[in-house]
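In case you want the letters, here they are:
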Amino acid sequence: MSKTITVNLKKKPIYDIIIHNDFSLLKDELNKLSYEGRKCLIVTDSNVGPHHAAEIENLLSDFCTEVVVHTFEAGECNKNLKTVEGIIKTLVEHHFSRKDFILALGGGVTGDISGFASSIYMRGIDFIQVPTTLLAQVDSSIGGKTGVDFDQYKNMVGAFYMPKLVYINTSTLKTLPARQYYSGMAEVMKYGLIMDSSFYEWILNKMYEIHDMDQDTLEEMIEHCCTLKQRIVEKDPFENGDRALLNFGHTLGHAIEKAKNLTLLHGECVALGCVCAAYISWKKDRLSMEEYYEIRDMFVPFNLPISITEIDPAEIVALTKSDKKASVGELKFILLKRVGKAVIDTTVTEEEMLAAVNEIYFSEDDLNE
Ligand code: GLY
């Protein structure tokens, strides 16, 4: 059974999120958008393309006038303007017009880059999201944040640009490397922690089914996350308020990602960032010690890290301070008042951040003891 969630803006339906266990409904959904007889550029990366691009190309071959596949080298290090330029060149070479559309097939990097290219090509062409990682299915494909990294700044250049459709085929998770899958679990747990304590309990109760990728559990989990995200982005589409709560774990998480030179996955860094933010919440008397330790330890069953080696804690703090958001305004930290309730806090000091990073940091000496 497929599920549909509609995202509205100012009470007007803007796009549907379809959740299904294969690609069989994709053509019908594109038909509803009147895309028959248009050209489609499938943008994908070198990891995802070999698994799914041919299936979608075949599916659309008698529906679109031309289907072109543009594959870029996988990796966050390619989330830059050069990759966007490559996409634009392909669009130009194949004479794409404003009526045509882009289909982003892949994880968060693919969705963000493709969305941004769509927003600027001929001042904007339609794009649809076909997220294939858990992280993209539960978070990044929804809400219209698009963009690329620039110099040392993550997501520095971009636009809010809404997709026309988000099509989630849950079976694509079966081809995902286990590490990528668990990385997505950090974003899933984030929802429970910031806004839904009963969902947090549900995740813990379903631990074994989540490990086994039980189809019904996956669908229920993804649908619930999409509904929570829909609620947030409808209320605050351009992140003037509560949408910032979704950045829980990301403030220090992004700095860890940079310091580790992208050798840790995004969700792994988010998990570490969540542990730090929960620690700061405890130290600022918002959470109890028991709650902090419970939250920290709950990442472990999902193969997510709660400690880190071979970093300089002071460097993490410096990188946090030089992050895009901090460099152009005050540093907004997302803290927890309890499981299921997050708040924005602008009073977190450098010392508090350093103490939090030291809490998760183990030096070589610690390890040899
Ligand atoms: N991924 C966070 C957001 O969409 O706001």
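Higher on the page you've got the structure.
Anyway, here's the lowdown on the structure attached to this text. (Residues numbered from 1 in each chain as written. Predicted model: local features only at pLDDT ≥ 70, side-chain atom pairs only at ≥ 80, totals over all residues. Heavy atoms only, no water.)

## Thoughts on the overall build of the protein chain
Argument step 1. The number of helices and strands found in the protein chain is 16 helices and 11 strands.
Argument step 2. Its C-alpha radius of gyration of 20 Å places the protein chain within 12% of the 21 Å reference for a compact globule of 369 residues.
Argument step 3. Each principal axis of the C-alpha distribution contributes one length, and for the protein chain these read about 65 × 45 × 40 Å.
Argument step 4. Counting only residues that meet the buried cut, the protein chain has 57% of its 369 residues in that class.
Argument step 5. Sequence-distant contacts, at least 24 apart, represent 76% of the contacts inside the protein chain between residues at least 6 apart. (Helix = DSSP H or I, 4+ residues; strand = E, 2+ residues; numbered from the N terminus. Rg over C-alpha atoms; globule rule 2.2 N^0.38 Å. Buried < 20%, exposed > 50% of the residue type's maximum accessible area, 1.4 Å probe, protein only. Contact = heavy atoms within 4.5 Å.)

## A few points about the pattern of salt bridges
Argument step 1. Evaluated as defined, the whole model comprises 19 salt bridges.
Argument step 2. A salt bridge links Lys79 to Asp112; the shortest N-O distance between them is 2.8 Å. Of the two residues, Lys79 is situated in the loop between strand E4 (66-72) and helix H3 (81-93) and Asp112 in helix H4 (residues 108-120); the sequence distance between them amounts to 33 residues. Note on accessibility: Lys79 and Asp112 belong to one class, buried.
Argument step 3. Its salt-bridge partner being Arg286, residue Asp345 comes within 3.0 Å of it at the nearest N-O pair. Of this pair, Asp345 sits in strand E11 (residues 341-345) while Arg286 sits in the loop between helix H11 (266-283) and helix H12 (289-297), and the two are 59 residues apart along the sequence.
Argument step 4. Given the relative accessible area of 4%, Asp345 is considered buried. (Salt bridge = Lys/Arg side-chain N within 4 Å of Asp/Glu carboxyl O.)

## What to know about empty space enclosed by the protein
Argument step 1. Inspection of every chain in the model, using the stated rule, returns 1 cavity of 30 Å³ or more.
Argument step 2. For the largest cavity, the calculated volume is near 50 Å³.
Argument step 3. Contributing to the lining of the largest cavity are Val7, Leu9, Ile14, Tyr15, Gly143, Met162, Val233, Pro237 and Arg243.
Argument step 4. Residue assignment for the lining of the largest cavity shows that the elements contributing at least two residues are strand E1 (3-9) and strand E2 (12-20).
Argument step 5. In the lining of the largest cavity, the residues fall into 7 nonpolar, 1 polar and 1 charged. (1 Å grid on protein atoms, 1.4 Å probe; cavity = no way out; pocket = protein on both sides within 12 Å on 5 of 7 lines; lining within 4 Å. Points joined across faces, edges and corners; volume = space filled by probe spheres on them. Nonpolar A, V, L, I, M, F, W, Y, C, P; charged D, E, K, R; others polar.)

## Focus: the side chain of Glu257
Argument step 1. Counting through the fold element by element, Glu257 comes out in helix H10 (residues 250-259).
Argument step 2. If sequence neighbours within four positions are ignored, Glu257 has contacts with Glu76, Lys154, Leu262, Leu264, His266 and Cys269.

## With respect to the packing of helix H6 (residues 178-195) against helix H7 (residues 197-205)
Argument step 1. Between H6 and H7, whose axes approach to 6 Å, the crossing angle comes to 140°. Classified by the interaxial angle, the pair formed by H6 and H7 is oblique. Here Met185, Val188, Met189, Tyr191, Gly192, Leu193 and Met195 of H6 lie close against H7, whose contacting residues are Ser197, Phe199, Tyr200 and Ile203.
Argument step 2. When grouped by side-chain class, the residues that make up the contact of H6 with H7 number 9 nonpolar, 2 polar and no charged. (Axes fitted to C-alpha atoms, helices over the stretch in contact; angles between N-to-C directions. Parallel < 35°, antiparallel > 145°, perpendicular 65-115°, else oblique.)

## Looking at a nonpolar patch on the surface
Argument step 1. On the surface, Leu81, Phe150 and Met156 cluster together into a nonpolar patch covering about 230 Å² of accessible area.
Argument step 2. Among the structural elements, Met156 can be located in strand E8 (residues 153-160). (Patch = residues over 30% accessible without salt bridge, like charges linked within 9 Å, V, L, I, M, F, W, Y side chains within 5 Å. Areas by Shrake-Rupley, 256 points an atom, 1.4 Å probe, with all protein chains shown as cover.)

## Overview of the layout of surface pockets
Argument step 1. Of the pockets and cavities examined, the second largest pocket occupies roughly 240 Å³.
Argument step 2. Glu76, Cys77, Asp149, Asp151 and Leu262 are, among the 14 residues lining the second largest pocket, the residues nearest its centre.
Argument step 3. For the lining of the second largest pocket, the secondary structure elements donating two or more residues are strand E7 (145-150), E8 and H10.
Argument step 4. Grouping the constituent residues of the lining of the second largest pocket by class yields 4 nonpolar, 3 polar and 7 charged.

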